[in-house]
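# Summary of the model geometry
Chain by chain, the residues run as shown.
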Amino acid sequence: MKLEATLLIGVLLASVLAAGCIGSSGTSGKATPTGGEITVKDFAGRSVTVKVPVQRAVIMSTSALEMVQLLNASNQVVGIPAEAKRDAFLSQALKNKTVVGKMLRIDDWEKVLALKPDLIVNLYLKKFYDVDEFLNRSASYGIPVIMLREDKLEDIPKAVELLGKVFGKEKEAKAFEDYFNEQVSGVKAIASKIPVEDRKKVIMIQPIMGKYYLVNGNDVLAQAVRLVGAEYMVNITFNGYTPVRVPMDKEKIIASYKDADVIILLTSAVTPYDQVSELRETMLSDQAWNEIKAVNEDHIVILRADMGRESFLRWSPRLAVGIWQIGKAVYPSYYPNWESKAKEFLQKFYPFLS
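The paragraphs below set out a description of the structure included in this document. Remember, predicted model here, so these are calculated numbers, not experimental data. (Residues numbered from 1 in each chain as written. Predicted model: local features only at pLDDT ≥ 70, side-chain atom pairs only at ≥ 80, totals over all residues. Heavy atoms only, no water.)

## Remarks on the overall build of the protein
- Along the protein, the regular secondary structure elements total 13 helices and 15 strands.
- When the 354 residues of the protein are sorted by exposure, 55% land in the buried category.
- A sequence separation of at least 24 residues applies to 65% of the contacts in the protein between residues at least 6 apart.
- For the protein, the exposed area adds up to about 14,600 Å²; of that, 49% sits on carbon and sulfur atoms. (Helix = DSSP H or I, 4+ residues; strand = E, 2+ residues; numbered from the N terminus. Buried < 20%, exposed > 50% of the residue type's maximum accessible area, 1.4 Å probe, protein only. Contact = heavy atoms within 4.5 Å. Areas by Shrake-Rupley, 256 points an atom, 1.4 Å probe, with all protein chains shown as cover.)

In structure tokens, the structure reads:
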């Protein structure tokens, strides 16, 4: 089991970070004006004092970069992680910023200091890097750090609100918060009308490097499944630790989830759509896989959770569309086509992509 956990951590870093979806949530709290500064509470529960509006930010999370871009604050960013280059939702202007590290880690602090940042934004993920060392190092240079977490759906608008405060973009943050909450309310309204006898049981599988990883019940995508009115079947804890992805072999998946009504197959940063499509065809033609109800009834849906243009299943503003994608995948007769939601979202918040 320890080996599986080690493999899981390594794969997640390579495939779903920027995604990520681990830890417990915090709250942005209330800003306290102190002249040209405000003090906010970040998602790790830390009180952070920041000079506002932030003018020179180093941002180590692509999800946070997408939020800053949504706030029309891209020109207030000076440093980015290497993986931002692959994020199809980021403008070329942001991708051209100075790369200072990757996977939440800063490779060259001298390069960071040369940028003279007035804020660093990172993710509070202690299983992936030494958070305490990172915070101590930044404090020694006098650079405030705001930590975000990526584990709850409702934290997305809260994170945008927090960043809106420090970047001086509260109006833009409020516009997104209203929009996001409107989408959640729309999904809930449909879910409330689905009869009990029509409720589906769902599992999500993300094939990565030849292995099957089940999305666990604490992941934001599992939360979205429950939001659309379905039961999410996977809830696994190892020795008190609940990972967001659980490696599991084919035989155990079949034995454990025979009653699944819907299987959602996910792409990843290292698993392109065509490979997932091949897996779907393999499952449909395999007698063993057909012991699962969803396979036998051909209710296997592929959704994208990578960093591409059509991927809306990442912890980021994109999930305003992703919840509609999941609704349509699970209940095609109840939910509208998500493409119109995607078009509306892009036109409103990412006009350079629409």
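## Overview of unusual backbone geometry
- Between Val 52 and Pro 53 the backbone carries a cis peptide bond, its omega angle lying at -5 degrees.
- With respect to the helices, strands and loops of the structure, Pro 53 is situated in the loop between strand S3 (47-51) and strand S4 (57-59).
- Even without glycine at this site, Met 103 takes up a positive phi of about 50 degrees.
- In this structure, Met 103 sits in the loop between strand S6 (98-102) and strand S7 (105-106).

## Observations concerning the nonpolar core
- Membership of the largest hydrophobic core comes to 123 residues, with the highest contact counts inside it found for Leu 148, Leu 163, Val 166, Phe 167, Ile 263 and Phe 345.
- If near-sequence neighbours (up to four positions away) are discounted, Phe 345 is found in contact with Phe 89, Phe 176, Tyr 179, Phe 312, Pro 317, Arg 318, Ala 320, Val 321 and Tyr 350. (Core = buried A, V, L, I, M, F, W, Y, C linked by side-chain atoms within 4.5 Å.)

## A few points about the pairing of strand S8 (residues 119-123)
- The buried count for S8 comes to 5 of 5 residues, which makes it a mostly enclosed element.
- The alternating pattern of S8 places Leu 119, Val 121 and Leu 123 on one face and Ile 120 and Asn 122 on the opposite face, and all of these are buried.
- Bridge count between S4 and S8: 3 bridges; the pairing is parallel. Pairing of Ile 59 across the sheet is with Val 121, part of S8.
- Relative to strand S9 (residues 145-148), S8 is paired through 4 bridges, and the arrangement is parallel. By the bridge assignment for S9, Asn 122 is matched with Met 147.
- You can see the chain leave S8, run along helix H5 (residues 131-140) and come back into S9, and the turn it takes is right-handed. (Pairing = 2+ DSSP bridges. Right-handed = clockwise from strand over helix to strand, strands pointing away.)

## Points about the pattern of salt bridges
- What the rule picks out here adds up to 16 salt bridges.
- In this structure, Arg 318 and Glu 66 form a salt bridge, with 2.9 Å as the shortest nitrogen-oxygen distance. Of this pair, Arg 318 sits in the loop between strand S15 (300-303) and helix H12 (319-330) while Glu 66 sits in helix H2 (residues 62-70), and the two are 252 residues apart along the sequence.
- With a relative accessible area of 0%, Arg 318 lands in the buried category. (Salt bridge = Lys/Arg side-chain N within 4 Å of Asp/Glu carboxyl O.)

## A look at the side chain of Gln 76
- With respect to the helices and strands, the residue Gln 76 is situated in the loop between H2 and strand S5 (77-81).
- Only 2.6 Å separates the side chain of Gln 76 from the backbone oxygen of Val 54, close enough to count as a polar contact.
- Discounting residues that sit within four places of it in the chain, Gln 76 has contacts with Pro 53, Val 54, Gln 55, Arg 56, Ala 57, Phe 167 and Lys 169. (Polar contact = N/O pair within 3.5 Å; in protein donor to acceptor, adjacent residues only side chain to side chain.)

## Remarks on helix H13 (residues 339-349)
- Three or more residues of H13 are buried, namely Ala 342, Phe 345, Leu 346 and Phe 349. Each buried residue of H13 sits inside an arc of 95 degrees when the element is viewed along its axis, so together they form one side.
- Among the structural elements, H2, helix H7 (170-191) and H12 are those in contact with the buried residues of H13. (Arc of directions from axis to C-beta.)

## Observations concerning the sheet that holds S6
- Read from one edge of the open sheet, 6 strands run S7-S6-S5-S4-S8-S9, paired in mixed fashion. One side of each edge strand has no neighbouring strand; the edge strands of this open sheet are S7 and S9.
- In the packing of H2 onto the sheet, contacts are made with S4, S5, S8 and S9, and the angle to S5 comes to roughly 150 degrees.
- Contacts from H5 reach S7, S8 and S9 within the one sheet, and its direction differs from that of S9 by about 155 degrees. (Axes fitted to C-alpha atoms, helices over the stretch in contact; angles between N-to-C directions.)

## Some remarks on the environment of Thr 98
- Its place among the elements puts Thr 98 in strand S6.
- Counting along the chain gives 13 residues from Thr 98 to Lys 111, while the straight-line C-alpha distance between them is 8.7 Å.
- The contacts of Thr 98, once residues within four sequence positions are left out, are Val 78, Gly 79, Ile 80, Lys 111 and Leu 115.

## Quick look at the packing of helix H6 (residues 155-166) against H7
- Running from N to C, H6 and H7 point in directions that differ by 170 degrees, and their axes come no closer than 8 Å. One way to sum up the angle between H6 and H7 is to call them roughly antiparallel. Judged by residue contacts, Ile 156, Pro 157, Val 160, Glu 161, Gly 164 and Lys 165 of H6 engage Glu 170, Ala 173, Phe 176, Glu 177, Phe 180 and Asn 181 from H7.
- Residues that form the contact of H6 with H7 fall into these classes: 6 nonpolar, 2 polar and 4 charged. (Parallel < 35°, antiparallel > 145°, perpendicular 65-115°, else oblique. Nonpolar A, V, L, I, M, F, W, Y, C, P; charged D, E, K, R; others polar.)

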